[in-house]
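# Fold and geometry: a report
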Amino acid sequence: MYENAMASQQNAMAEYWNRKAIDTNMSVAKEWQLNEAKLALAHQKMTLQEWRKEQQKTRHESIAISENGEIKRTVENAIVKVPECSCVNFQFISLVEVVSTEGDEGLYRLRLRIGQAVKVLVLDAQKMGSPTYFVRKLTEVGAVILLDRRRDRENFLVQLWSLLLSLCRERILVPTCAGWNKVQGRFRFVEEEVMLWGEMKKSAK
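What comes next is a walk through the structure. Because the structure is a prediction, the values reported are computed rather than measured.

## Some words on the environment of V158
Within the fold, V158 resides in helix α3 (residues 150-167). We classify V158 as partly exposed; its relative accessible area is 48%. Note: C-alpha distance between V158 and F134 (24 residues apart in sequence) is 9.0 Å.

As structure tokens, this is what we get:
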């Protein structure tokens, strides 16, 4: 009887430890599966981030100006092309280079249409490499760029200025002082109310 009881107890203990080992193995296997799932998810996120970075590198932005002066922006990458859209509240009228009667250079006169009003900006060519300067001058006359990201606005302004320069075909002479000015070998009388070169320089600041 004693031997039978001991054998029964040993069998029960062996069964207990077998179940314990099975439960432990299942817990370990489950933990491994969870860890593998987490690693797979992390890898997938990293892959997606790298893919997005590569797509950004292939991103291309272009700007065009229609015959009526509308400014259109198009963005495309390897996957999708966003349709043309207007991201400004103004239309382009003209850009001319401004030169003084004494040969000074470095200014441009930009004319825009905002609603029904015509706005005139005098721009310093040396400062036009800075998008901050360009956006400040536009803001002064009520022109708005409808892009949320600063980087997008800056890229847009750089491309816009490059495009405007390519369309600049005219040069105008501005007198340096009121009264008699020598213009292209001839003397011309300038009324006092005419904007002079010095005033245009101040306006371009």
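Still to come is the rest of the account.
## Some words on the sheet that holds strand β4 (residues 91-100)
Read across the open sheet, the four strands follow the order β6-β5-β4-β7; overall the sheet is mixed. Lying at the two open borders of the sheet, with one neighbouring strand each, are β6 (117-124) and β7 (170-174). For this sheet, the mean angle separating the axes of adjacent strands, direction not counted, is 30°. Sheet topology places β4 next to β7; five bridges connect them, and they run parallel. Its bridge partner lying in β7, E97 is registered against R171. Sitting on the sheet, helix α2 (residues 131-140) touches β5 (107-114) and β6, and the angle it makes with β6 is about 150°. Packed on one face of the sheet, α3 meets β4, β5 and β6 and runs near 65° to β4.

## Digging into the nonpolar core
By size, the foremost hydrophobic cluster in this structure holds 36 residues, and its most contacted members are F90, L110, F134, L138 and F156. Elements with a minimum of two residues in this core: β4, β5, β6, α2, α3, β7 and α4 (197-203).

## Here's the deal with the pairing of β4
For β4, a buried count of eight out of 10 residues is recorded, marking the element as mostly surrounded by other parts of the structure. In the sheet, β4 pairs with β5 via seven bridges, with the strands oriented antiparallel. Bridge pairing in β5 links V96 to R109.

## Here's the deal with empty space enclosed by the protein
The final tally for this structure, using the stated rule, is one cavity of 30 Å³ or more. Lining of the largest cavity is provided by I71, F90, F92, L110, L112, F134, L138, L160 and L164. Among the elements of the structure, β5, α2 and α3 are those that each provide at least two residues to the lining of the largest cavity. Partitioned by chemical class, the residues of the lining of the largest cavity number nine nonpolar, no polar and no charged.

## Digging into the packing of α2 against α3
With their axes 9 Å apart at the nearest point, α2 and α3 run at an angle of 80° to one another. Considering the angle they form, α2 stands roughly perpendicular to α3. Contacts from P131, F134, V135 and L138 in α2 reach E154, L157, V158, L160, W161 and L164 in α3.

## Things to note about a positive patch on the surface
Together, K127, K201, K202 and K205 line one region of the surface with positive charge. By relative accessible area, which is 35% here, K127 ends up partly exposed.

## Observations regarding the side chain of D124
Residue position: D124 is located in strand β6. Despite its burial, D124 remains without a salt bridge, the nearest opposite charge being carried by K127 at 4.5 Å. One polar contact links the side chain of D124 to the main-chain amide nitrogen of Q126, over a distance of 2.9 Å. Apart from residues lying up to four places away in sequence, D124 is in contact with G106, L107, Y133 and A204.

## Focus: the packing of aromatic side chains
Under the definition given, this model contains two aromatic pairs. Seen in terms of ring centroids, Y108 and W161 are 5.6 Å apart; in terms of plane orientation they differ by 85°. Their pairing is edge-to-face. Of the two residues, Y108 sits in strand β5 while W161 sits in helix α3, which places them 53 residues apart along the sequence. Each of the two residues, Y108 as well as W161, counts as buried. Seen from their ring centres, F134 and W161 are 5.9 Å apart, and the 70° between their planes marks the pair as edge-to-face. Of this pair, F134 sits in helix α2 while W161 sits in helix α3; the two residues are 27 residues apart in sequence, bridging distant segments of the chain. In this structure, F134 and W161 share a single accessibility class: buried. Ring pairs connect the aromatic residues Y108, F134 and W161, which therefore count as one cluster.

Criteria and cut-off values
- Residues numbered from 1 in each chain as written.
- Predicted model: local features only at pLDDT ≥ 70, side-chain atom pairs only at ≥ 80, totals over all residues.
- Heavy atoms only, no water.
- Helix = DSSP H or I, 4+ residues; strand = E, 2+ residues; numbered from the N terminus.
- Buried < 20%, exposed > 50% of the residue type's maximum accessible area, 1.4 Å probe, protein only.
- Pairing = 2+ DSSP bridges.
- Axes fitted to C-alpha atoms, helices over the stretch in contact; angles between N-to-C directions.
- Contact = heavy atoms within 4.5 Å.
- Core = buried A, V, L, I, M, F, W, Y, C linked by side-chain atoms within 4.5 Å.
- 1 Å grid on protein atoms, 1.4 Å probe; cavity = no way out; pocket = protein on both sides within 12 Å on 5 of 7 lines; lining within 4 Å.
- Points joined across faces, edges and corners; volume = space filled by probe spheres on them.
- Nonpolar A, V, L, I, M, F, W, Y, C, P; charged D, E, K, R; others polar.
- Parallel < 35°, antiparallel > 145°, perpendicular 65-115°, else oblique.
- Patch = residues over 30% accessible without salt bridge, like charges linked within 9 Å, V, L, I, M, F, W, Y side chains within 5 Å.
- Areas by Shrake-Rupley, 256 points an atom, 1.4 Å probe, with all protein chains shown as cover.
- Salt bridge = Lys/Arg side-chain N within 4 Å of Asp/Glu carboxyl O.
- Lys, Arg positive; Asp, Glu negative; His and termini not counted.
- Charge placed at Lys NZ, Arg CZ, Asp CG, Glu CD.
- Polar contact = N/O pair within 3.5 Å; in protein donor to acceptor, adjacent residues only side chain to side chain.
- Phe/Tyr/Trp six-rings, centres within 6.5 Å; stacked < 30°, edge-to-face > 60°.

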